[in-house]
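Each chain, letter by letter, is given below.
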There are 2 protein chains.
Amino acid sequence: ARMSSHDPGKCSVDFPVSVVLPAGGTGERTGLQTPKQFCTFLNRPLISYTIQAFERVSWIQSIVVVVAKESTELMTDIVQRFQHKRIRVVQGGSTRHRSIFNGVRALGEGGDGAPRVKPKVVIIHDAVRPFVEEDFLYKIATAAKEHGAAGAIRPLVSTVIATTAEGYLDHSLERARYRASEMPQGFTYDVICRAYERCSESDFEFGTECLHLALQYCGTNAKLIEGPPTLWKVTYKRDLAAAESIIKETLSRSACAITGGSAQAAVLADALQKTMGALDVELDVIPDMMGDNARYLLKGWNFIQVSVSRRCLSEVRATVSALEAANRALLYPVVVVWVHLNGSDGPSLGGGTATAEPAAIMDLASAAKLRNILLYGVQLHRSEEADHWERSVLRMAEITSVLIRERSPALVGQLLQA
Amino acid sequence: ARMSSHDPGKCSVDFPVSVVLPAGGTGERTGLQTPKQFCTFLNRPLISYTIQAFERVSWIQSIVVVVAKESTELMTDIVQRFQHKRIRVVQGGSTRHRSIFNGVRALGEGGDGAPRVKPKVVIIHDAVRPFVEEDFLYKIATAAKEHGAAGAIRPLVSTVIATTAEGYLDHSLERARYRASEMPQGFTYDVICRAYERCSESDFEFGTECLHLALQYCGTNAKLIEGPPTLWKVTYKRDLAAAESIIKETLSRSACAITGGSAQAAVLADALQKTMGALDVELDVIPDMMGDNARYLLKGWNFIQVSVSRRCLSEVRATVSALEAANRALLYPVVVVWVHLNGSDGPSLGGGTATAEPAAIMDLASAAKLRNILLYGVQLHRSEEADHWERSVLRMAEITSVLIRERSPALVGQLLQA
Ligand SMILES: [Mg+2]
Ligand SMILES: [Mg+2]
């Protein structure tokens, strides 16, 4: 079991933990044709974001995704395309509980060559709750080990009421005494296996709550832990938009401006840094991505190539190539904005060079887009007038921020005017 | 009471109905500083969208918005700025129930000069549920009149569980027997007044559910009606993104292309119509907005001015002026895309005209933006080669669609290349 390489300062666990992700839902409630776990935003299906949330936790041994028979191939493709590790795709049963049981059983079996270590704790999570974080998984795993079972809860959003058979209010529940049961939940391998071995066909057919089975068949009262609001379940089409906006916000908090070592470019980058800071994008200014600055290449999602002469398009090309070589855009589209200060090397219009430039950036952008790198250009005209210059810098910052935030594939290759 | 001018085919009511919108919440759960009802998207605070949902229902007599003392001025400004009608702003109490009672009392009082007609039914709704629709309000109003009280319900999203004092699972509720109580709710004026007159200080202080007060103090079992998922409450920052995405989708379903009567422009508009149709934007092609076509001016949110010669920027100017004169962008930003086919009147670069063009559209766009009209340009180059031409048309359609969908203020005035 690989439980060694975790971040210092983060809690780890000293027992084997594996994950079952039931992903057999049909998504009839989203108003979409595709089951919601396979709906795509920023070029990637929702379930891949959820898998990623577990993959980045070093102490998780393996992840079993349980899918409907007809989705097996699609799921296998997703695992390959996004290079997910420590994952097995298992075929589900006819109900949610049958699917989860299939997943749990798969964890105990050998197969695929390698021998398996039976997990001590099994975490069960929904494929459509992509924002679960390591510290909460840690709480669930350790509480499950200690108490046999543990589950996430949230305060009730609405009052819960009982209705009469005729559709009238019977009574309302006292909100403070109840909680909503959410995911993830954790169980010792023994408790979850015993619960499923002992439970009835009716439980398999109509039951929804694993915690309930653990209580009924193993006498285990699950420990309940309040989770963050980000645990919410992506259910409707609007939830996909919400999830996308959360990811986009996360990706657009910071950017890295590369000056190529030019002093003029550094002055422009500093102005950009100040203005984008006011727009909530933290900008680091570096001359290149050599040495220590190679870390930006490994962690950044947004790059601003600042240039003051036309030949700097070759610098943009180099940045795009470095990102491609590092396979940086595998999970998220990476944005590269070429900010170009005009007017330093002769008239900007009228010659063959000027007409060639928009075509060159469009060609470069079209090629980069195939690798999930989104390239845009922003042109800024030199001005001696302070007012005019400030307006241009502000517009450049606004345009750059919006390109970073919206990550619009349709606008790649455009040369925008600040 | 004005209950006359409703759309044929829609149900109306023959008794006076008024609305109380409690809007005193502090929004601590959004993770935002501004209370969520005052958070803004597409240039307008959430509460204005909710007010609009009631305003467009002809049989609603008046709307009382109840706000905290410190928000009174802000709320009054919002009412003025978006020209909301049939609305009064009332100061709230120290709890939700005290605020609602203030609103109900205000409905019964005279004041502001005009005498008031006491409503037969009072609808209570949340300021942060902007997507309530007329047909559902009709169901609530008529059920409230018949049964004394009526409320929206939704199926439970999660299992509801009871916890022990120590934080363990006690038992889970059988999901099918319970419902989530949502908004809107409706009451006869008599029932809601009596309930509040009779209820205790403790109810005013800690109670949350008006339906419960009607049951306890008037013996009225509310009729429960299942509402659509769009009734959900905007609670977190992600819900604002979800609400924005719903509005944006609604605004971008269709557009209107204006050809100016040119045959060449009509050919281009037809190609655009076909391609945008495949991108789920329904495009109507018209020569101008005269006569019968004036209806587009009155109902459209997206205009595409197709032109084949440079002087057509004056046509764009005319369209923008017409939209301004009609006050069309009061509630939603209106998008105008100037699609310009290049190459029909001489070389497009090298002269003073070419450089002047981007500046002219930027100036026009900057002025229009102040009136909530978002103007963008898309340039298309004539090509004899069929493949190249098709790619350009596709790109033009993609760019235009994304401009319509994203409504990005930072990109106005740009002349994009298809
Ligand atoms: Mg369960
Ligand atoms: Mg209530």
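Residues numbered from 1 in each chain as written. Chains lettered and ligands numbered in written order. Predicted model: local features only at pLDDT ≥ 70, side-chain atom pairs only at ≥ 80, totals over all residues. Heavy atoms only, no water.

## Re the overall build of chain A
The number of helices and strands found in chain A is 13 helices and 17 strands. Each principal axis of the C-alpha atoms in chain A carries an extent, and together these give about 80 × 60 × 40 Å. Expressed as a percentage of the 418 residues in chain A, the buried residues total 55%. Taking all contacts inside chain A whose residues are at least 6 apart in sequence as the whole, residues at least 24 apart take part in 76%. When the accessible surface of chain A is totalled, it reaches about 17,400 Å², and 51% of it is carbon and sulfur. Computing the positive centroid from 46 side-chain charges and the negative centroid from 45, chain A places the two 3 Å apart. (Helix = DSSP H or I, 4+ residues; strand = E, 2+ residues; numbered from the N terminus. Buried < 20%, exposed > 50% of the residue type's maximum accessible area, 1.4 Å probe, protein only. Contact = heavy atoms within 4.5 Å. Areas by Shrake-Rupley, 256 points an atom, 1.4 Å probe, with all protein chains shown as cover. Lys, Arg positive; Asp, Glu negative; His and termini not counted. Charge placed at Lys NZ, Arg CZ, Asp CG, Glu CD.)

## Quick notes on the environment of glutamate 174 of chain A
For glutamate 174 of chain A, the position within the fold is in the loop between β9 (169–172) and β10 (178–188). For the pair glutamate 174 of chain A and isoleucine 161 of chain A, spaced 13 residues apart in sequence, the C-alpha to C-alpha distance is 9.2 Å.

## Some words on the pairing of strand β12 (residues 254–258) of chain B
Residue and element names in this part refer to chain B. Taken across its five residues, β12 has four buried, putting it largely inside the fold. Both β12 and strand β13 (residues 282–286) contribute to a ladder of five bridges, which runs parallel. Of the residues in β13, the one forming a bridge with alanine 255 is leucine 283. Remark: the β12/helix α9 (residues 263–278)/β13 crossover connection has right-handed handedness. As defined by bridge partners, β12 adjoins strand β14 (residues 302–307) across three bridges and the pair is classed as parallel. Residue pairing for β14: isoleucine 258 is matched across the bridge by glutamine 305. (Pairing = 2+ DSSP bridges. Right-handed = clockwise from strand over helix to strand, strands pointing away.)

## Thoughts on the sheet that holds strand β17 (residues 415–417) of chain B
Residue and element names in this part refer to chain B. With parallel pairing, the six strands of this open sheet are ordered in space as β13-β12-β14-β15-β16-β17. Since the sheet does not close on itself, it has two edges, and those belong to β13 and β17, each with one partner. The average angle at which neighbouring strand axes cross in this sheet is 25°, direction not considered. Pairing of β14 with strand β15 (residues 334–342), which is carried by six bridges, proceeds in the parallel orientation. Directly across from isoleucine 304, in β15, lies its bridge partner valine 337. Where α9 meets the sheet, its contacts fall on β12, β13, β14, β15 and β16 (373–381), and the angle it forms with β13 comes to roughly 165°. (Axes fitted to C-alpha atoms, helices over the stretch in contact; angles between N-to-C directions.)

## Looking at the relation of the copies chain A and chain B
For these two chains of identical sequence, chain A goes onto chain B by a turn of 180° and a shift of 0.0 Å along the axis, with RMSD 0.0 Å. Taken together, the rotation and translation relating the two chain copies correspond to the operation of a two-fold axis. Residue by residue, 100% of the interface of chain A is reproduced at the interface of chain B, so both copies engage with the same surface. (Least-squares fit on C-alpha atoms with pLDDT ≥ 70 in both.)

## Some details on helix α3 (residues 96–108) of chain A
Helix length check: α3 of chain A, at 13 residues, gives a terminal C-alpha distance of 19 Å against a target of 18 Å (1.5 Å per residue), a fit within 8%. Along α3 of chain A, the residues classified as buried are His97, Arg98, Ser99, Ile100, Phe101, Gly103, Val104, Ala106 and Leu107 of chain A. (Expected span 1.5 Å × (residues − 1).)

## Looking at the interface of chain A and chain B
Taken together, the 60 residues of chain A in the interface contact 60 residues of chain B. The contact between chain A and chain B buries some 5,400 Å² in all, and 58% of this surface belongs to carbon and sulfur atoms. One can count two salt bridges joining chain A with chain B. Its salt-bridge partner being glutamate 249 of chain A, residue lysine 237 of chain B comes within 2.9 Å of it at the nearest N-O pair. Where chain A touches chain B, the interface holds 28 residue pairs in polar contact (both at pLDDT 80 or more). With seven residues, the single largest contributor to the side of chain A that touches chain B is helix α8 (residues 237–251) of chain A. Pairing analysis gives four bridges linking β10 of chain A to strand β8 (residues 159–163) of chain B, with the strands arranged antiparallel. By the bridge assignment, tyrosine 178 of chain A is partnered in β8 of chain B with alanine 162 of chain B. (Buried area = accessible area lost by both parts, 1.4 Å probe. Salt bridge = Lys/Arg side-chain N within 4 Å of Asp/Glu carboxyl O. Polar contact = N/O pair within 3.5 Å; in protein donor to acceptor, adjacent residues only side chain to side chain.)

## Some thoughts on the sheet that holds strand β12 (residues 254–258) of chain A
All names here are of chain A. Pairing is parallel across the open sheet formed by six strands, whose spatial order is β13-β12-β14-β15-β16-β17. Only two strands of the sheet have a single partner each, and these edge strands are β13 (282–286) and β17 (415–417). Each adjacent strand pair in this sheet contributes to an overall mean axis angle of 25°, direction not counted. Here helix α11 (residues 313–325) sits on the sheet and contacts β12, β14 (302–307), β15 (334–342) and β16 (373–381); the angle it forms with β15, its principal contact strand, is near 170°.

## Section: the pairing of strand β4 (residues 60–67) of chain B
Residues and elements named next belong to chain B. Burial analysis of β4 places eight of its eight residues in the buried class, which makes it a mostly covered element. Pairing analysis gives five bridges linking β4 to strand β5 (residues 87–91), with the strands arranged parallel. The partner of isoleucine 63 across the bridge, within β5, is isoleucine 87. Note that the unit made of β4, helix α2 (residues 72–81) and β5 has a crossover that is right-handed.

## Notes on the packing of aromatic side chains
With the rule as written, the count across this model stands at 16 aromatic pairs over all chains. The interplanar angle of 10° and the centroid separation of 4.5 Å between the aromatic rings of phenylalanine 41 of chain A and tyrosine 49 of chain A together place this pair among those described as stacked. A single burial state applies to phenylalanine 41 of chain A and to tyrosine 49 of chain A, both of which are buried. Clustering of aromatic rings is evident, with ring pairs tying together Phe41, Tyr49, Trp301 and Tyr332 of chain A. One Lys or Arg, arginine 105 of chain B, reaches over the ring of phenylalanine 101 of chain B and ends 4.1 Å from the middle of that ring. Looking at arginine 238 of chain B, its charged tip hangs above the ring of tryptophan 232 of chain A, at a distance of 3.9 Å from the centre. (Phe/Tyr/Trp six-rings, centres within 6.5 Å; stacked < 30°, edge-to-face > 60°. Lys NZ or Arg CZ within 6 Å of the ring centre and 35° of its normal.)

## Observations concerning the domain arrangement of chain A
All names here are of chain A. When its domains are assigned, chain A resolves into domain 1 (17–245) and domain 2 (252–417). Distance from the C-alpha centre of domain 1 to the C-alpha centre of domain 2: 42 Å. Contacts between domain 1 and domain 2 engage nine residues on the former and seven residues on the latter. Here domain 1 and domain 2 share an interface that buries about 680 Å² over both sides, 53% of which is from carbon and sulfur atoms. Counting every contact that joins domain 1 to domain 2 gives zero salt bridges. (Domains from an automatic or database assignment.)

## Structural notes on the packing of helix α5 (residues 189–198) of chain B against helix α7 (residues 210–218) of chain B
All names here are of chain B. The interhelical angle for the contact between α5 and α7, taken along N-to-C directions, is 80°, at an axis separation of 9 Å. Taken together, the axis directions place α5 and α7 in an arrangement best described as roughly perpendicular. Residues Val191, Ile192, Arg194, Ala195, Tyr196 and Arg198 of α5 pack against Cys210, Leu213, Ala214, Tyr217 and Cys218 of α7. (Parallel < 35°, antiparallel > 145°, perpendicular 65-115°, else oblique.)

## Examining the environment of lysine 118 of chain B
Residues and elements named next belong to chain B. Position of lysine 118 relative to the elements: it lies in the loop between α3 (96–108) and β6 (121–124). Sequence spacing of lysine 118 and alanine 106 is twelve residues, and the spatial spacing of their C-alpha atoms is 9.9 Å. The residues contacting lysine 118, other than those within four sequence positions of it, are Pro16, Gly108 and Tyr189.

## Overview of helix α8 (residues 237–251) of chain B
The terminal C-alpha atoms of α8 of chain B lie 21 Å apart, and with 15 residues this matches the ideal 21 Å at 1.5 Å per residue to within 8%. On the buried face of α8 of chain B, the contacting elements are α8 of chain A together with β2 (40–41), α1 (46–55), β12, β14 and α13 (386–406) of chain B.

## Looking at the confidence of the model for chain A
Note: predicted coordinates in regions of low pLDDT should not be interpreted at a detailed level. All names here are of chain A. Mean pLDDT over chain A stands at 91; residues scoring 70 or higher make up 90%. Below a pLDDT of 50 lies the segment residues 1–6, which in the model reaches 13 contacts outside its immediate sequence neighbourhood of four places, other chains included. Across residues 345–353 the pLDDT falls below 50, and counting only partners more than four positions away or on other chains, this stretch makes twelve contacts in the model. (pLDDT = per-residue confidence, 0-100.)

## A short note on the side chain of threonine 259 of chain A
Within the element layout of this structure, threonine 259 of chain A appears in the loop between β12 and α9 (263–278). Sequence-distant contacts of threonine 259 of chain A, defined by excluding residues within four places in its chain, comprise Ala265, Ala266, Ala269, Val285, Ile286, Pro287 and Val306 of chain A.

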